[in-house]
Amino acid sequence: MSNKMDRPLVTVDGRTLMDRPLEPPNFVVDTLISQGLHILAGSPKVGKSWLALWLAVTVAKGEPVWGMSVKQGTTLYLCLEDSVLRIQNRLFEITEDAPDSVHFCTECAPIGQGLEEQVETFLTAHPDTVLVIIDTLQKVRDSKGSAGKAGMYGNDYDDISSIKRIADGFNIAILLVHHLRKLQDSDDPFNDVSGSTGIIGAADTNFILRRKRSGNAATLLVSGRDVEYQELTLQFNDLVWELVERKNSEDIHKAELPKFLFRVVDFMECRTEWVG
């Protein structure tokens, strides 16, 4: 019997790697959602499912998402906390013409018990698929928690990695809708994602949707491997999240600088000579 430990490492040297032409990651939503595995987390009833449904329909129709171009294709939305009737009612609320390239499913197997095969079968039957949304992550887990040798971190990382392998293998984006913990970290909002850090660690991009219960405004925080850090200010109008403002890292850093520094710079630029 062959031993897996006998297999040598497959390496590439630095010079060869730098000379090798490689394709950049594909984006389903330009500069926002790349191919890979992504987490969309928020507190219960803040509008995550409305956002997920709108994304599934908008990408399938090939329409821009908040002014960003999309890669049009088939989308699959596993809306596991909803009924077919609720999804139908919500579709009537957000669009007048849902295309036949957006697909919905309200039941599926858990991770490790058939989900991967179900998704792969769909992708094989629909090779133009670009986006799969699973709402919610907890509905496809078997609640192993910290049981077993792996512990909570290991189980979290393994579950996310299992879905990520599908995204990487088929060059698509998979978005997992998830919840935030009740006790939140004021220093790092990405630590608020429910579960261990294995979840956000295995994901390519993490999205945090933060909204006050009393209003329709929200902030979507974005942090990932293939996208720069962003903060999007959103407004929930007519059951659709609309973009109000988008800031990247440079915009955020500028906003943190005292305003008087900009006045000093303007003053210095307009001076032609200095005395003293």
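What you see is a predicted model, and the numbers here were worked out from it, not measured in a lab. (Residues numbered from 1 in each chain as written. Predicted model: local features only at pLDDT ≥ 70, side-chain atom pairs only at ≥ 80, totals over all residues. Heavy atoms only, no water.)

Colleague: So what exactly am I meant to see when it comes to the pairing of strand S4 (residues 74-79) here?
Modeller: The two faces of the sheet receive side chains in turn, since in a regular strand these alternate between them. Of all six residues making up S4, six are buried, and the element is well covered by its neighbours. As defined by bridge partners, S4 adjoins strand S6 (residues 129-135) across six bridges and the pair is classed as parallel. Across the sheet, residue Tyr 77 finds its bridge partner in S6, namely Ile 133. Pairing geometry for S4 and strand S5 (residues 102-105), over four bridges, is parallel. (Buried < 20%, exposed > 50% of the residue type's maximum accessible area, 1.4 Å probe, protein only. Helix = DSSP H or I, 4+ residues; strand = E, 2+ residues; numbered from the N terminus. Pairing = 2+ DSSP bridges.)

Colleague: I'm lost on the nonpolar core in this one. Help?
Modeller: The biggest cluster of nonpolar side chains holds 43 residues, and the ones touching the most others in it are Val 29, Trp 66, Ile 133 and Leu 220. The biggest single contributor to this core is helix H2 (residues 48-61), with ten residues. (Core = buried A, V, L, I, M, F, W, Y, C linked by side-chain atoms within 4.5 Å.)

Colleague: Any chance you could explain the environment of Thr 58 here in plain terms?
Modeller: Of note, Thr 58 is situated in helix H2. Taking the relative accessible area as the measure of exposure, Thr 58 reaches 4% and is therefore buried. Expressed as a C-alpha distance, the spacing of Thr 58 and Val 102, which sit 44 residues apart in the sequence, is 9.2 Å. Thr 58 has contacts with Glu 63, Pro 64 and Val 65, leaving out every residue within four places of it along the chain. A distance of 2.6 Å separates a polar side-chain atom of Thr 58 from the backbone oxygen of Trp 54. (Contact = heavy atoms within 4.5 Å. Polar contact = N/O pair within 3.5 Å; in protein donor to acceptor, adjacent residues only side chain to side chain.)

Colleague: I'm lost on unusual backbone geometry in this one. Help?
Modeller: In terms of backbone geometry, most residues other than glycine have negative phi values and most peptide bonds are trans. Look at the link from Asp 135 to Thr 136: it is a cis peptide, with omega at 10°. Along the chain, the position of Thr 136 falls in the loop between S6 and helix H5 (151-170). With a phi angle near 65°, Lys 45 is a residue other than glycine that sits in the positive phi range. Relative to the elements of secondary structure, Lys 45 occurs in the loop between strand S3 (36-42) and H2.

Colleague: Would you mind going over the packing of helix H4 (residues 115-125) against H5 with me for this structure?
Modeller: For any two helices packed against each other, one specifies the inter-axial angle together with the distance between the axes. At a minimum axis distance of 10 Å, the contact between H4 and H5 shows a crossing angle of 15°. By the criterion of interaxial angle, the relationship of H4 to H5 is roughly parallel. Of the two possible hands of crossing, H4 and H5 adopt the one that is right-handed. Across the interface between the two elements, Leu 115, Glu 116, Val 119, Glu 120, Leu 123 and Thr 124 from H4 touch Ser 162, Ile 163, Ile 166 and Phe 170 from H5. Along the lines of polarity and charge, the residues of the contact of H4 with H5 split into six nonpolar, two polar and two charged. (Axes fitted to C-alpha atoms, helices over the stretch in contact; angles between N-to-C directions. Parallel < 35°, antiparallel > 145°, perpendicular 65-115°, else oblique. Left-handed = near helix turned anticlockwise from the far one by under 90°. Nonpolar A, V, L, I, M, F, W, Y, C, P; charged D, E, K, R; others polar.)

Colleague: Sorry, what's going on with the environment of Gly 42 here?
Modeller: One can find Gly 42 in strand S3. Take Gly 42: its relative accessible area is 0%, and that puts it in the buried class. C-alpha of Gly 42 to C-alpha of His 178: the two residues are 136 residues apart in sequence and 6.7 Å apart in space. Those residues within four positions of Gly 42 in sequence are excluded, and the remaining contacts are Lys 48, His 178, His 179, Leu 180 and Leu 209.

Colleague: For this particular structure, what's the right way to read a nonpolar patch on the surface?
Modeller: A cluster of nonpolar side chains, namely Val 12, Leu 17 and Leu 22, defines an oily patch on the protein surface of about 270 Å² accessible area. Within the fold, Val 12 resides in the segment before helix H1 (14-19). (Patch = residues over 30% accessible without salt bridge, like charges linked within 9 Å, V, L, I, M, F, W, Y side chains within 5 Å. Areas by Shrake-Rupley, 256 points an atom, 1.4 Å probe, with all protein chains shown as cover. Salt bridge = Lys/Arg side-chain N within 4 Å of Asp/Glu carboxyl O.)

Colleague: Mind showing me how you'd approach the state of the cysteines here?
Modeller: Each disulfide consists of one covalent bond between the sulfur atoms belonging to two cysteines. According to the stated counting rule, one finds zero disulfides in the structure shown. Considering cysteine sulfurs only, Cys 108 is the nearest to Cys 105, which forms no disulfide, with 6.2 Å between them. (Disulfide = S-S within 2.5 Å.)

Colleague: Just to check I follow, could you spell out the packing of aromatic side chains for this structure?
Modeller: Ring pairs (aromatic) are described by centroid distance and by the angle formed between their planes. Enumeration according to the criterion identifies four aromatic pairs in this entry. Its end group placed over the ring of Trp 50, Arg 90 keeps NZ or CZ at 4.5 Å from the ring centre. (Phe/Tyr/Trp six-rings, centres within 6.5 Å; stacked < 30°, edge-to-face > 60°. Lys NZ or Arg CZ within 6 Å of the ring centre and 35° of its normal.)

Colleague: Looking at this structure, how should I read the pattern of salt bridges?
Modeller: In a structure, side chains of opposite charge can pair up when their charged atoms sit close to one another. On inspection of all chains with the given rule, the structure shows eight salt bridges. Ionic pairing is found between Lys 61 and Asp 97, a salt bridge with its closest N-O pair at 3.1 Å. Of this pair, Lys 61 sits in helix H2 while Asp 97 is found in the loop between helix H3 (84-94) and S5, placing the two residues 36 residues apart along the sequence. For Asp 82, the salt bridge identified is with Arg 86, shortest N-O distance 2.9 Å. Given a relative accessible area of 39%, Arg 86 falls into the partly exposed group. Several salt bridges converge on common partners, so that one network encompasses Lys 164, Asp 168, Asp 204 and Arg 225.

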